[in-house]
Amino acid sequence: MILYINNQYHYETENLIRCFFPNDKIEVTRELPAEKQLPFISAMTSETENDIEIRVTVETESFFAEDSASVDRSDDDIEKTTERRLAVCLYGLLVRLTGKRQPWGILTGVRPIKLFRRLAEQYGQERAERYFTDELLVSEEKTRLSAVTEKHERKILALSKPRSFSLYISIPFCPSRCSYCSFVSQSVESAGKLVAPYLELLCREIEYTAQLARDCGLILETVYIGGGTPTTLSAAQLSQLISAVRSSFDMSTCREFTVEAGRPDTISREKLEAILSGGADRISINPQTLNDEILQLIGRRHSSAQTLDAFSLARETGFKHINMDLIAGLPTEKPESFIATLDKLCSLSPESITVHTLAMKRSSRLTQQGRELDTDGEPPAAAMLRYAEKKLVSEGYHPYYLYRQTRMEGNLENVGWAKQGYDGLYNVYVMDETHTVLGCGAGAVSKLKKPASEMLERIFNYKYPYEYINGFDEMLRRKERVKVFYAELAEYISQICL
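Residues numbered from 1 in each chain as written. Predicted model: local features only at pLDDT ≥ 70, side-chain atom pairs only at ≥ 80, totals over all residues. Heavy atoms only, no water.

Visitor: How would you summarise the overall build of the chain if you had to cite specific residues and measurements?
Guide: Looking only at helices and strands, the chain features 19 helices and 18 strands. Of the contacts made within the chain by residues no fewer than 6 positions apart, 71% connect residues no fewer than 24 positions apart. Carbon and sulfur atoms form 48% of the exposed surface of the chain, whose accessible area is close to 21700 Å². (Helix = DSSP H or I, 4+ residues; strand = E, 2+ residues; numbered from the N terminus. Contact = heavy atoms within 4.5 Å. Areas by Shrake-Rupley, 256 points an atom, 1.4 Å probe, with all protein chains shown as cover.)

Visitor: Kindly report on helix 12 (residues 335–348), identifying the contributing residues and their values.
Guide: Spacing of three or four residues puts side chains on the same side of an α-helix, whose turn is 3.6 residues. Taking 1.5 Å of rise per residue, 14 residues should cover 20 Å, and helix 12 covers 20 Å from first to last C-alpha, within 8% of that figure. Looking only at helix 12, the buried set comprises Ser-337, Phe-338, Thr-341, Leu-342, Leu-345 and Cys-346. Those residues of helix 12 that are buried are in contact with helix 10 (292–297), strand 12 (322–328), strand 13 (352–357) and helix 14 (380–394). Just beyond helix 12, the residue with positive phi is Ser-349, at close to 60 degrees. (Expected span 1.5 Å × (residues − 1). Buried < 20%, exposed > 50% of the residue type's maximum accessible area, 1.4 Å probe, protein only.)

Visitor: Go over the nonpolar core, please, and point to the residues and values.
Guide: Core analysis: the largest hydrophobic core is formed by 122 residues, its most contacted members being Leu-202 and Phe-249. Among the elements that take part in this core, helix 7 (residues 195–215) stands out by supplying 10 residues, more than any other. If we skip the residues at most four places from it in the chain, Phe-249 touches Phe-165, Leu-167, Ile-206, Thr-209, Ala-210, Ala-213 and Leu-220. (Core = buried A, V, L, I, M, F, W, Y, C linked by side-chain atoms within 4.5 Å.)

Visitor: Before we move on, can you summarise the packing of helix 17 (residues 472–479) against helix 18 (residues 481–488) with the specific residues and values?
Guide: Following both chains from N to C, one finds helix 17 and helix 18 inclined at 0 degrees, their axes separated by 5 Å at the closest point. Overall, the two elements helix 17 and helix 18 adopt an arrangement that is roughly parallel. Between helix 17 and helix 18, the residues in contact are Arg-477, Arg-478 and Lys-479 and Arg-481, Val-482 and Lys-483, respectively. Taken together, the residues that form the contact of helix 17 with helix 18 break down as 1 nonpolar, no polar and 5 charged. (Axes fitted to C-alpha atoms, helices over the stretch in contact; angles between N-to-C directions. Parallel < 35°, antiparallel > 145°, perpendicular 65-115°, else oblique. Nonpolar A, V, L, I, M, F, W, Y, C, P; charged D, E, K, R; others polar.)

Visitor: Explain the sheet that holds strand 5 (residues 64–72) to me, and be specific about the residues and the numbers.
Guide: Strand order in the open sheet made by the 5 strands is 2-1-3-4-5, with mixed pairing throughout. Each having just a single partner strand, strand 2 (27–29) and strand 5 make up the two edges of the open sheet. Neighbour-to-neighbour, the strand axes of this sheet turn through a mean angle of 15 degrees, independent of strand direction. With 8 bridges joining them, strand 3 (residues 40–47) and strand 4 (residues 51–59) adopt antiparallel strand pairing. Paired with Met-44 across the two strands is Arg-55, which belongs to strand 4. (Pairing = 2+ DSSP bridges.)

Visitor: Got a sec to walk through the packing of aromatic side chains? Specific residues and values, please.
Guide: Tallied over the full model, the rule gives 13 aromatic pairs. Between Phe-116 and Phe-132 the ring centres are 5.1 Å apart and the planes differ by 85 degrees, which places this aromatic pair in the edge-to-face class. Remark: Phe-132 occurs in helix 4 (residues 125–135) and Phe-116 occurs in helix 3 (residues 112–123); sequence separation between them is 16 residues. Overall, Phe-132 belongs to the buried group, its relative accessible area being 0%. (Phe/Tyr/Trp six-rings, centres within 6.5 Å; stacked < 30°, edge-to-face > 60°.)

Visitor: With reference to specific residues and values, describe the pairing of strand 3.
Guide: The pairing of strand 1 (residues 2–5) with strand 3 spans 4 bridges and is classified as parallel. By the bridge assignment for strand 3, Ile-2 is matched with Phe-40. What sits between strand 3 and strand 4 in their antiparallel hairpin is a turn of 3 residues.

Visitor: Describe unusual backbone geometry, with residues and values.
Guide: Cis geometry is adopted by the peptide bond preceding Pro-39, which originates at Leu-38 and carries an omega value of 0 degrees. In this structure, Pro-39 sits in the loop between strand 2 and strand 3. Following Gly-227, the chain continues to Gly-228 via a peptide bond in cis, the omega torsion being 20 degrees. Structurally, the position occupied by Gly-228 is in the loop between strand 9 (219–227) and helix 8 (235–248). Phi at Arg-407 takes a positive value of approximately 55 degrees, unusual for a residue other than glycine. Along the chain, Arg-407 falls in the loop between strand 14 (398–403) and strand 15 (414–418). The backbone phi angle of Ala-452 is positive, close to 55 degrees, even though this residue is not glycine. For Ala-452, the position within the fold is in the loop between strand 17 (445–449) and strand 18 (456–460).

Structure below.
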């Protein structure tokens with residue numbers, strides 16, 4: 001598919017087209033070709049003395065349509081208005097071409113709740129909802145979900161202060177690689193010899209990062225140990241890691257300490273005891289599905305029975321906040337199978353349940369094996385999410401955070417659901433980009449946030465364990481930027497703290 005565009009809005013335009021044609025390669029050109037290759041889309045703007053003219057054309061072998069609009073030059077935010085109206089024109093033509101509407105309208109970004117909150121703060125709740133449905137063409141169903149989610153997020157965001165930060169620790173090892181996964185992680189079978197030296201250096205980075213936080217006067221809000229699968233570590237190694245955190249950081253202000261125990265086949269009583277005795281009060285046990293055939297198909301080397309046993313063991317050990325993850329839209333899974341899984345999880349009564357929609361990442365094994373997103377009719381994932389919302393609300397859960405990814409089944413979303421008092425704070429802070437997140441470990445990214453602004457600066461750790469080990473000293477040198485960043489903001493932070 002060829003996209004001809006003569007303006008700066010190519011990124012959003014391309015992403016909107018991808019919502020309708022997620023499996024197609026889109027070639028962007030800024031030069032109008034002498035001979036059109038179909039399908040062909042042009043999205044052009046031209047300037048006059050009084051306004052900006054927009055003209056969009058969509059052409060295939062059996063379809064041709066165009067639309068136009070104009071933006072008054074006196075518009076207070078002319079660039080955003082031009083981008084939105086161009087997207088609306090393009091969206092209307094693509095709906096006519098495909099016969100499909102998108103649940104999130106012209107929105108293609110990761111953080112729709114952040115946008116909804118900004119609109120609500122500026123115009124009020126009712127007008128924000130109207131803007132979503134009328135101007136961004138978001139469905140009424142997703143608009144209501146956004147409004148409810150934002151209400152619950154708002155309470156969590158209020159806990160964060162100008163010097164707040166969260167800590168993320170990466171364990172980039174898994175027992176096996178799931179077919180849908182695109183994260184930087186390695187199986188312990190192939191990288192087992194790296195675990196011990198990696199952990200030793202990781203503990204050193206944790207100590208160094210804690211010193212940076214102290215020097216900058218930062219206040220720890222949440223800790224999240226993720227990956228990968230942290231519980232690929234032994235019980236002794238988990239104790240070593242958590243002890244490094246507790247001995248390095250001031251934990252007196254920490255509101256939440258999570259360890260991903262995502263794979264049931266890596267969970268044992270000894271590991272759970274090591275986590276709980278170390279002070280981590282929240283774990284995530286992630287079945288993704290309780291359909292054993294599909295578990296094998298996606299490369300999860302565990303059974304549904306192991307998931308249920310792991311959950312029971314965690315309760316016996318004393319965990320009072322257990323999250324469980326599901327994925328809607330897994331290969332070959334029917335809505336009936338998803339419903340059976342969710343009903344069973346609800347009978348266990350975990351404190352929170354996160355419902356993801358399958359995203360076909362370019363580097364995942366599923367994509368590399370040639371699987372494509374279903375574009376014929378409504379995907380099964382849509383029915384799964386509708387049932388999940390109805391069921392979880394009836395069971396006393398509420399949506400507390402939401403985000404989206406590219407190339408998702410049905411162009412849908414991921415939603416975290418929780419019982420009252422069990423919202424995952426770290427999830428909200430990361431997705432909203434509320435405050436600084438200091439990252440430790442391979443693939444981790446430290447995100448330095450200027451309070452009360454949209455300014456964000458990133459410091460990247462090396463991606464792979466062997467790179468992390470070999471480049472450790474250079475990586476610590478990069479992190480010295482944290483002190484410089486906060487030194488430059490010292491006066492600014494002092495003023496907003498008054």
